[in-house]
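Remarks on the overall topology
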Amino acid sequence: MRNYIPLFLSLIFCSLYGRAQLQPVDKRYTDSLNSLINGNAPDSIKAIAGFKLTDFWADNDSTKAVAFLTNARNHSRKNPVLFARSYWYESLIYLEKDYPKAEKLLIHADSLLSRFNTKGIYRLRSMVWHNYALIQQHKDDLKTTLDILINRALPLSKKAGEKEFICTEYVSIGTILMNIGQYEKAKPYLHQGLSALKDATPDKYYLLVNLYITISQNYYHLKHYSETKKYLDLAKIILDKSDHVRTGYPMAVFWLDYYKSTTRYFINTKQEKLALADAGKAIKLAEQLKDNYTLQEIVFEKYRILFDQKKFAEARKTLLQVVGQPEINTLATNKLRLTEALSEVNYELGNFKEAYQLLKKSKLLNDSLNEDKTKEDINALEIKYKNAENQKKIAHLNAEKKQHAAIIKNNKITTLLLIAASFFLLVIIILLFFYFNGYKKLAEQRAINYKQKVADLQQKQQLEISRAMLNAEEKERNRVAQDLHDGLGGMLSGLKINLSNWAKHREMQLHDVELQRIVTQLDGSVTELRHIARNMMPQTLLKFGLETALKDLAESAMSHELHIDFQALNISKNIALEEQIIIYRIVQEILTNTLKHARATEVVLQCSENENHFYITIEDNGKGFDTATYKKGMGIENIKNRVAYLKGNFEIDAQPGNGATVNIEIPISYE
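Quantities reported herein were computed from a predicted structural model and do not represent experimental measurements.

Let us look at the pattern of salt bridges. All told, the structure shown has 14 salt bridges when counted by the stated rule. Residue Asp 110 is joined to Arg 125 by a salt bridge in which the shortest nitrogen-to-oxygen separation is 2.7 Å. Of the two residues, Asp 110 is situated in helix H7 (residues 99-113) and Arg 125 in helix H8 (residues 119-138); the sequence distance between them amounts to 15 residues. Across this residue pair, the class does not change: Asp 110 and Arg 125 are buried. A salt bridge links Asp 233 to Lys 229, with the nearest nitrogen and oxygen atoms 2.8 Å apart. With Asp 233 and Lys 229 both in helix H13 (residues 225-242) and 4 residues apart, this pair spans about one turn of that helix. Exposure remark for Asp 233: the relative accessible area of 32% places this residue in the partly exposed category.

Given below as structure tokens:
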């Protein structure tokens, strides 16, 4: 009989995880926690006390557990970590009662806990995934169980850095592998668990002894009996030590597991006397712990030894120990096994009547297990042996059966041919579908490519138009600026000189108020004219370069109400002249918009150059605007057109009442 290792060994440890140690049903314990909840303690303390009571009552009274959980969750709503932990404690209530609900609670707990990155949270998350794996193991989905333990629980326990948790995950993985017969693959995981737990303190002896026994069982299945003996001896040393220290788990459970393992070891190494001795100890412990499944296993092991030794009376007495156990009466296979063994041993003892009765009982049990097959056999015998007429009928029926079988065979062949033809036709239809579907997608892609080409041509055409417009605009600006400076400017300067000479000729005093006003107006007109001409085609840019021109532009825009802080960094004089002019126009247009609309008192203008890119940032403390609703004027469009012409990026960040920021990045070339 294959030994399926329960998750008491692979996931011990719901007790380790859900409950750090076994909690005694102690009224003082619950009263102390209740006093915290009903007192003046902070909400976090009340929440923790509620969680402990939820944990305490989860297995004993789910109604109380739910009530304490609800109260604790209310106290933890202002603490995200405690609120996330509440779903872990809720999962403990349903862990063995409602698997789907427990799964959902564990997944939700992990989603909330994953927002935090502390060792304590990693520890709790490893517990969450460990219990999720426990549910999958109960559902007999060992593949998913292994996947969760290896890829979820183990990495989180390593992040938590607690050795007993790391050990537990390794042992769990190894035990699952043992349960599916992968004993060789289980070895490295079990030994890695042992490495993590090599310095175990006395309160963790129960983990260490369980690990030694599990490793010995793995070697037992591999038939490496010397290694089996080695780890059983190590387990015995720890068990002996644990008799004198306080551990975190009742060690009688592990003594039972130890004697069960030694019994099997001694049987397989032909040491029947020692096997009988340890089987007796295991049976005694199983009765004390009311572990009827283990009791049944050991009784059958002991019975087989005694029967082989021809100690039939003692063998029968051993079997009678489990006759009244509920597990025997629940499982029909166990009842059959016990009944057959009792019949066998009574026969050897000469109790033929009792042996016969037990044999009949075993036959009935066997019949109940194979009821359908037995009925078919009886019917066949009745048909075959009842009378000769039935024999003729059978022969006739057989002949008809053969004829029908031939017809059925022909029909099957025809059906198979039809199925093959249908399948072939289906394949052709599928291929045609994929062909036309692919053709349709290809046509759609061609249409998309054509539209993209048209868009690219339109964009290229638009850029060419923008280039022509900007070049024409600059030429016209240059011409008008030259005409204003050389023509009208010269005329106004000449008029001022002639007026001054006329005044002297007339012997008029320069301090004459009316004359002085006219001269001042002429001076202002000449200055304004030069300012206009300079804006239209800045001579500073042509003579001294972009940085000086931008500085001059910033200074000319300042007034008593507006201060402009110009900051330049690493601006080269070798930028292509056409690009310098466009950059100058961009800055000029932004400053003009700021003066007209922003009502700002402070403006910061930053211009820099780095790795063939020119960067412009202008910030003001003006009234700002809503970028989602502002109306696009000619100024903004001119700026965007110039930036797009140079294939740059343009961004505006503004909010009503908080000023505005313009960021521009432009790729540049050099002469």
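The subject of this paragraph is the pairing of strand E4 (residues 649-654). Of the strand pairs in this sheet, E4 and strand E5 (residues 660-667) are connected by 6 bridges, and their pairing is antiparallel. Looking at the pairing, Ala 654 lines up with Ala 660 of E5. Between E4 and E5, which pair antiparallel in sequence order, lie 5 residues; one of them, Gly 657, sits at a positive phi of approximately 85°.

Let us now look at the packing of aromatic side chains. Within the structure shown, the criterion is met by 18 aromatic pairs. Note on Phe 51 and Tyr 89: the rings are 4.9 Å apart at their centroids and 5° apart in plane angle, and the pair reads as stacked. You can see Phe 51 sitting in helix H4 (residues 43-57) and its partner Tyr 89 sitting in helix H6 (residues 80-94), a full 38 residues away along the chain. The class of Tyr 89 is buried, set by a relative accessible area of 12%. The interplanar angle of 85° and the centroid separation of 5.0 Å between the aromatic rings of Phe 56 and Trp 57 together place this pair among those described as edge-to-face. One exposure class covers both Phe 56 and Trp 57, and it is buried. The residue whose ring lies beneath Lys 64 is Trp 57, and the NZ or CZ to ring-centre distance is 4.3 Å. In this structure, Arg 73 packs its charged tip against the face of Tyr 87, placed 4.1 Å from the ring centre.

Quick notes on the rules
- Residues numbered from 1 in each chain as written.
- Predicted model: local features only at pLDDT ≥ 70, side-chain atom pairs only at ≥ 80, totals over all residues.
- Heavy atoms only, no water.
- Salt bridge = Lys/Arg side-chain N within 4 Å of Asp/Glu carboxyl O.
- Helix = DSSP H or I, 4+ residues; strand = E, 2+ residues; numbered from the N terminus.
- Buried < 20%, exposed > 50% of the residue type's maximum accessible area, 1.4 Å probe, protein only.
- Pairing = 2+ DSSP bridges.
- Phe/Tyr/Trp six-rings, centres within 6.5 Å; stacked < 30°, edge-to-face > 60°.
- Lys NZ or Arg CZ within 6 Å of the ring centre and 35° of its normal.

These values are about where atoms sit, not about what they do.
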